[in-house]
Amino acid sequence: MATAVPMVEIWRGPFLESMHSGHAVVCDDTGQIVESWGDPEAVVLPRSSSKMLQALPLLESGAAADAGLTDEQLALACASHNGSEIHSVRVKAWLEALGKSDEDFRCGPQEPRDIAVRDALIREDKPVCRYHNNCSGKHSGFLTLTKYLNAGPDYVAVDHPVQKAVKAAFEEVTQEDTPGYGIDGCSAPNFATTMHGMARAMAFFAGANPDGGARESAAAKLTRAMATYPELVAGEGRACTDLMRAMDHKVAVKTGAEAYFIAIVPEKKMGVAVKILDGSTRGAECAIASILVRLGVLNPAHPLAQKYINAPIQNWDGLVTGRMKPVEGFI
C-alpha cells in the first residue's frame, strides 16, 4: 500500500506514545478531490462503510417499494448494529414479513455487542442467533431483493443476481472497475476500490436529488434514513450514532472494519473516505471527526465531538493519563 501520513496522536502525559497513519479523501459532487491526505489512489476494501452502496439495488430494483420498506428498515440495511433490542426486534419482524427464518440468513450467529442483551442470553440459556449479527439488517435487504428477483437462496455467492447487482452499482457509483473482492465478516463479497473512488461515491450520495432518477432517489433515501435513525445504524456509545446526533442528523457517517470510515455531507455535496493503515478503530473515529470539524459540519466543542477528537485516556483507577487527538494542522 502507498505511503500513509500521520493523522492521530496518542499522548501519555507530555510524551507522544503512539501514532495512527492513514489515507483520506474529500470529494465534491463532480468527483473532484477537494482535499486529500496520503494516497488517493490507494486500493482498499471499504468493508461495512460500503453498505449504502450494497443497498442501492434493493431500492433501484423496486424491491424496497414492493416490500413497503420503511426508513427504519433502510437504516438497518446500512447498519453495523449492536444487536440491541431495538435492532433484533426490527430484524425479526422483517424476516417474518418476508416469510423467512433466522436460518435463511447467510451471516453467521454473532454475540451481541450490547452487553445487557448478551448477558440476558447467557442467563436465560438462549442461543446467539444470526439476527444478532451486526450485518443482519444488510442481509435482510439482500433477502428482500432475492425474493423480489425470485433468485436462489445463496445470495452471498459472488455470481448470485444480488451480488452481481451490487457489483454493478458499486463500480458505476465509484466510477472505477473494482480490482477484486474479499469475503467480509458476514460472508458477503466486499469489493475493493481506491480511496478516491469511495469518496467520489459518497459525494454522489451527498449530492443526490430525492426527485431525480432511480439511482439518485435511492441514494438520497438511504442517506436520509441513516441520518434520521443513527441509533439503528450503530447503537448507543458508538461513533456513527454519536456523530450523526452531534451534527443534528444532517450528515450520514458509517464505520467499516479495519479502520475505514465514510461521511456523506449533503449540505456541502461532499463525500469523505478515511482509512487508518493499522486497522485501529479509535484512529479512524478521531480522523473522521477531525475532517468533519475541518469541513465545518461538526462543532468541535460538542461533547460528542470531544469524545473522539480530544479523547481522554484513563487507567483502571479512572485517572486521565493521556489524550487521543488529531495531528497538529489536521483540524
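Residues numbered from 1 in each chain as written. Predicted model: local features only at pLDDT ≥ 70, side-chain atom pairs only at ≥ 80, totals over all residues. Heavy atoms only, no water.

1. Quick look at the side chain of Thr 241
At step 1: Tracing the sequence through the fold places Thr 241 in helix H11 (residues 239-246).
At step 2: Contacts of Thr 241, omitting those with residues within four sequence positions, involve Pro 230, Glu 231, Ala 234 and Gly 235. (Helix = DSSP H or I, 4+ residues; strand = E, 2+ residues; numbered from the N terminus. Contact = heavy atoms within 4.5 Å.)

2. A closer look at the environment of Leu 232
At step 1: Structurally, Leu 232 is set in helix H10 (residues 230-233).
At step 2: Since its relative accessible area comes to 2%, Leu 232 is described here as buried.
At step 3: Between the C-alpha atoms of Leu 232 and Thr 194, which are 38 residues apart in sequence, the distance is 28 Å.
At step 4: In this structure Leu 232 touches Glu 72, Ala 75, Leu 76, Ala 79, His 81, Ile 86, His 87 and Arg 90, once residues within four positions along its chain are discounted. (Buried < 20%, exposed > 50% of the residue type's maximum accessible area, 1.4 Å probe, protein only.)

3. As for helix H7 (residues 161-174)
At step 1: Between the first and last C-alpha of H7 there are 20 Å, a value that for 14 residues agrees with the 20 Å anticipated at 1.5 Å per step.
At step 2: For H7, the full list of buried residues reads Val 162, Gln 163, Val 166, Ala 169, Phe 170, Val 173 and Thr 174. All buried residues of H7 lie within an arc of 125° about the axis, which places them on one face of the element. (Expected span 1.5 Å × (residues − 1). Arc of directions from axis to C-beta.)

4. Let's talk about unusual backbone geometry
At step 1: One non-glycine residue, Ser 187, lies in the positive phi region at around 85°.
At step 2: For Ser 187, a relative accessible area of 32% translates into the label partly exposed.
At step 3: The phi angle at Lys 269 is positive, at roughly 50°, despite the residue not being glycine.
At step 4: With respect to the secondary-structure elements, Lys 269 resides in the loop between strand S9 (260-265) and strand S10 (270-276).
At step 5: Classification of Lys 269 as partly exposed rests on a relative accessible area of 41%.

5. Quick notes on a nonpolar patch on the surface
At step 1: On the surface, Val 158, Tyr 181 and Ile 183 cluster together to form a nonpolar patch covering roughly 280 Å² of accessible area.
At step 2: For Tyr 181, the location among the structural elements is in strand S5 (residues 181-183). (Patch = residues over 30% accessible without salt bridge, like charges linked within 9 Å, V, L, I, M, F, W, Y side chains within 5 Å. Areas by Shrake-Rupley, 256 points an atom, 1.4 Å probe, with all protein chains shown as cover. Salt bridge = Lys/Arg side-chain N within 4 Å of Asp/Glu carboxyl O.)

6. Quick look at the packing of aromatic side chains
At step 1: Applying the stated rule across the entire model yields five aromatic pairs.
At step 2: Taking the centre distance of 6.1 Å and the plane angle of 45° together, the rings of Phe 170 and Phe 191 count as tilted. Of this pair, Phe 170 sits in helix H7 while Phe 191 is found in strand S6 (residues 189-191), placing the two residues 21 residues apart along the sequence. Here Phe 170 and Phe 191 have matching classes, each one buried.
At step 3: Ring centres 5.9 Å apart and planes at 65° place the aromatic pair Tyr 181 and Phe 191 in the edge-to-face group. Of the two residues, Tyr 181 sits in strand S5 while Phe 191 sits in strand S6, which places them ten residues apart along the sequence.
At step 4: Each residue in the set Phe 170, Tyr 181 and Phe 191 is aromatic and connected to the rest through ring pairs, giving one cluster. (Phe/Tyr/Trp six-rings, centres within 6.5 Å; stacked < 30°, edge-to-face > 60°.)

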